[in-house]
Amino acid sequence: MPANLTPQYHKAEEEYRRAQTPEDELRCLEVMLREIPKHKGTDKLQAELKAKISRAKADVETAKKTKKSGPSLKLPRQGAGRVVLLGGPNAGKSSLLKAVTRATPEIAPYPFTTREPQLGMMPWEDISVQMVDTPPITADVFDSTLLGLIRGSDLVLLMVDLGADEGTEQLQAVLDQLQGSKTRLAKESYLDEEDIGLSFTKTILVLNKIDDPAAADRIALMREFIQLDFEEHQISAEAGTGVDGLKNAVAKALDFVRVYTKLPHKKEADYDKPFTLRRGGTVMDVAELIHHDVAENFKHARIWGTNINPASIVKGDYVVSDKDVLEINS
C-alpha cells in the first residue's frame, strides 16, 4: 500500500536530514509522525519514527546534562545555501575560501592552521552562498561535532591535495571517519529508506593543486584505490585555475530559484534582493520567507514569469520558477 506522504511530511523529512542538534531532530521527527498518513502501509515507518523520537528525547536530556561552554557549531544559515569544505591537512580549503569569498582565513604551509569553522559568502550573480571552512580530518583527528555541520549543509566540497603523495591516503581517512557515523557523503542528498537516521549529503569532489607537476600521477593513483561517483572538478585555488567553473557548479548543485517581489503600488520589482528557495518551492514558501504575518494573512498573489501569463493570479500552492516576480496580496 502506497504511503502517500504529504508535502508537509517531506518538508519535515528534509529538515530532519539537515538537523544539527538533538532538539532539531526531535522537533522534525514529531512533525513527521504527526503528518504521516495512518494506515497499514505506514505501520513500519510509524514504528521507526516513534523509536527515533524516543531516542531523540533521550539525546536531548543527555545533551542538557552534559552541556559544556565553548564555541558552538550551530552556525546561522545565510544566503542561498550552505556549502561546507572538507578535507585532510593542507588540502587547500582555506585557500579556496579566500579565492571565492571576501573572507581572510589564516593560510600557512603546515597542517591544522584552521582550528574552528571559518565563514565566508561566495557571490554568484545576484545572490550569495555561505561557505564554511572546517578543521582538517585525519585518521587520528576528527571533531565529531562536525557531523551536525555536514548534515546541516546543502552541499559538501570534498577537497583532495594533489600537491603531496599523501593526498589519496588523506582522502581515504576522511571517508573512513564518516563511514563510521550516521552522516555520509553521496552523489545526492537523501535519507536512507531503511534507516531514517542515516543521512547522506550531496558532494562534489574537488581536486586541488592541479598545477603541481605530479598532479596527473596522483590523480591516477587516487582513482586506482578509491572509486567515487561524485561530480569532480580540478582546480588550483591559489592560482585561480578552474575556480569560476567550480562556483558555477556549486550554484547548479544547490538548485535554487530566485524570486523577486514587488509591492502592489509599485511598478517595478525589487531586483536587488531576491528571495531564494529550493526548486519546487511555492508562493506560500516565499510568503513565509518574507514574514510569518505575510503568510498568515495571505489571500492571493500576482505573478510575472516565463511559465505563466503576465500578472496572473495564483494561489499559495503555485510552484515558482527562477526569476519570477511576485506580488503578494494579504
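Residues numbered from 1 in each chain as written. Predicted model: local features only at pLDDT ≥ 70, side-chain atom pairs only at ≥ 80, totals over all residues. Heavy atoms only, no water.

1. Focus on the overall build of the protein chain
Filter applied, for reference: Secondary structure elements follow DSSP: runs of H or I of four or more residues count as helices, runs of E of two or more count as strands, with numbering from the N terminus. Between buried and exposed lies partly exposed: a residue is buried under 20% and exposed over 50% of the maximum accessible area for its type, with that area taken using a 1.4 Å probe on protein chains only. Whether two residues are in contact is decided by their heavy atoms: any pair within 4.5 Å suffices. By the counting rule applied here, Lys and Arg register as positive and Asp and Glu as negative, while His and the ends of each chain are not counted. We put the charge of a Lys on NZ, of an Arg on CZ, of an Asp on CG and of a Glu on CD.
Check the secondary structure of the protein chain and you find ten helices and 13 strands. Counting only C-alpha atoms, the protein chain reaches 60 × 50 × 40 Å along its principal axes. By residue count, 50% of the 330 residues in the protein chain fall in the buried class. Counting only contacts in the protein chain whose residues sit at least 6 apart along the sequence, the fraction spanning at least 24 positions is 63%. If the 44 positive side-chain charges of the protein chain are averaged to one point and the 51 negative ones to another, these points end up 6 Å apart.

2. A few points about empty space enclosed by the protein
Note the cut-off: Only protein atoms enter the 1 Å grid used here. Points where a 1.4 Å probe fits but cannot escape make up a cavity, open sets with protein on both sides within 12 Å along at least five of seven lines make up a pocket, and a residue lines them when an atom lies within 4 Å of a point. Grid points are joined across faces, edges and corners, and a volume is the space filled by probe spheres set on the points. In this classification, Asp, Glu, Lys and Arg are treated as charged, Ala, Val, Leu, Ile, Met, Phe, Trp, Tyr, Cys and Pro as nonpolar, and every other residue, Gly included, as polar.
Under the definition given, this model contains one cavity of 30 Å³ or more. For the largest cavity, the calculated volume is near 40 Å³. Every residue lining the largest cavity is listed: Val160, Asp161, Leu162, Ala164, Asp165, Gly167, Thr168, Arg218 and Met222. If you list the elements that add at least two residues to the lining of the largest cavity, you get β4 (155–161), α6 (167–179) and α7 (215–225). Here the residues of the lining of the largest cavity sort into four nonpolar, two polar and three charged.

3. Here's the deal with the confidence of the model for the protein chain
For clarity, the cut-off: Per-residue confidence from the predictor is reported as pLDDT, which spans 0 to 100.
Overall, the prediction assigns the protein chain a mean pLDDT of 89, with 93% of residues at 70 or greater. Considering only residues more than four positions removed or in separate chains, one finds that residues 68–72, a stretch of pLDDT under 50, has zero contacts.

4. Focus on the pairing of strand β11 (residues 300–305)
What counts here: Pairing between strands is defined by DSSP: at least two bridges between them are needed.
Across five bridges, the pairing between β11 and strand β13 (residues 324–329) is antiparallel. Across the sheet, residue Arg302 finds its bridge partner in β13, namely Glu327. Bridge analysis of β11 against strand β12 (residues 308–314) gives four bridges, and the strand direction is antiparallel. Bridge assignment links Arg302 to a residue of β12, and that residue is Ile313. Hairpin remark: β11 followed by β12, antiparallel, with two residues in the connecting loop.

5. Quick word on the side chain of Asp154
Under the convention used in this document: Whenever two N or O atoms come within 3.5 Å, that pair is a polar contact, provided that in protein one can donate a hydrogen and the other can accept it, and provided that, for residues adjacent in sequence, both atoms are side-chain atoms.
The residue Asp154 is located in the loop between α5 (146–151) and β4 in this model. Of note is the side chain of Asp154, whose polar atom sits 2.6 Å from the side chain of Arg77. For Asp154, the side chain forms a polar contact with the side chain of Arg278, separated by 2.5 Å.

6. What about the environment of Pro264?
Inspection of the secondary structure puts Pro264 in the loop between β9 (256–261) and β10 (270–278). Accessibility expressed as a relative area gives 48% for Pro264, which makes it partly exposed. Taking the C-alpha atoms as reference points, Pro264 and Ile210, separated by 54 residues in sequence, lie 52 Å from one another.

7. A look at the packing of helix α2 (residues 22–35) against helix α3 (residues 43–65)
In a pair of packed helices, the angle between the axes and the distance between the axes together describe the arrangement. The following threshold applies: Lines are fitted to the C-alpha atoms to define the axes, a helix being fitted only along its stretch in contact, and any angle between axes, read from their N-to-C directions, falls within 0 to 180 degrees. Reported orientations rely on four angle classes, namely roughly parallel under 35 degrees, roughly antiparallel over 145, roughly perpendicular from 65 to 115, and oblique for the rest. The handedness criterion is simple: a crossing whose near helix is rotated anticlockwise from the far helix by less than a right angle is left-handed, and one whose near helix is rotated clockwise is right-handed.
Packing of α2 against α3 leaves a shortest axis separation of 9 Å and a crossing angle of 155 degrees. Between α2 and α3, the crossing angle belongs to the class labelled roughly antiparallel. Helix-helix and strand crossings are classified by hand; for α2 and α3 the assignment is left-handed. Contact with α2, carried on its side by Pro22, Glu23, Leu26, Leu29, Glu30, Met32 and Leu33, involves Gln46, Leu49, Lys50, Lys52, Ile53, Ala56, Lys57, Asp59, Val60 and Ala63 of α3 and no other residues of that element. Grouping the constituent residues of the contact of α2 with α3 by class yields ten nonpolar, one polar and six charged.

8. A look at the sheet that holds β11
The mixed open sheet is built from five strands, whose spatial order is β10-β9-β13-β11-β12. At either end of the open sheet lies a strand with only one pairing partner, and these are β10 and β12. With strand direction ignored, the average angle separating the axes of adjacent strands in the sheet is 30 degrees. With five bridges joining them, β9 and β10 adopt antiparallel strand pairing. Following the sheet pairing, Arg258 is matched in β10 by Thr276.

9. Notes on the environment of Tyr318
By secondary structure assignment, the location of Tyr318 is in the loop between β12 and β13. Residues Tyr318 and Gly281, spaced 37 residues apart in sequence, show a C-alpha to C-alpha distance of 8.4 Å. Contacts of Tyr318, omitting those with residues within four sequence positions, involve Gly281, Thr282, Val283, Ile303, Asn307, Ile308 and Asp324.

10. Describing the pattern of salt bridges
Rules: Between Lys or Arg on one side and Asp or Glu on the other, a salt bridge is scored when a side-chain nitrogen of the former is within 4 Å of a carboxyl oxygen of the latter.
In this structure the tally under the stated criterion is 19 salt bridges. A salt bridge links Glu288 to Lys11; the shortest N-O distance between them is 3.4 Å. Of the two residues, Glu288 is situated in helix α9 (residues 283–290) and Lys11 in helix α1 (residues 7–17); the sequence distance between them amounts to 277 residues. Accessibility expressed as a relative area gives 41% for Glu288, which makes it partly exposed. With a relative accessible area of 43%, Lys11 lands in the partly exposed category. Asp154 is paired through a salt bridge with Arg77; the nearest N and O atoms lie 2.6 Å apart.

11. What to know about unusual backbone geometry
Of note, Asn90 is a non-glycine position whose phi angle comes to about 60 degrees, a positive value. By the secondary structure assignment, Asn90 is in the loop between β1 (82–87) and α4 (93–100). The phi torsion at Glu125 lies on the positive side, around 50 degrees, for a residue other than glycine. Tracing the sequence through the fold places Glu125 in the loop between β2 (118–124) and β3 (127–133). Residue Glu125 is classed as exposed on the basis of its relative accessible area, which comes to 57%.

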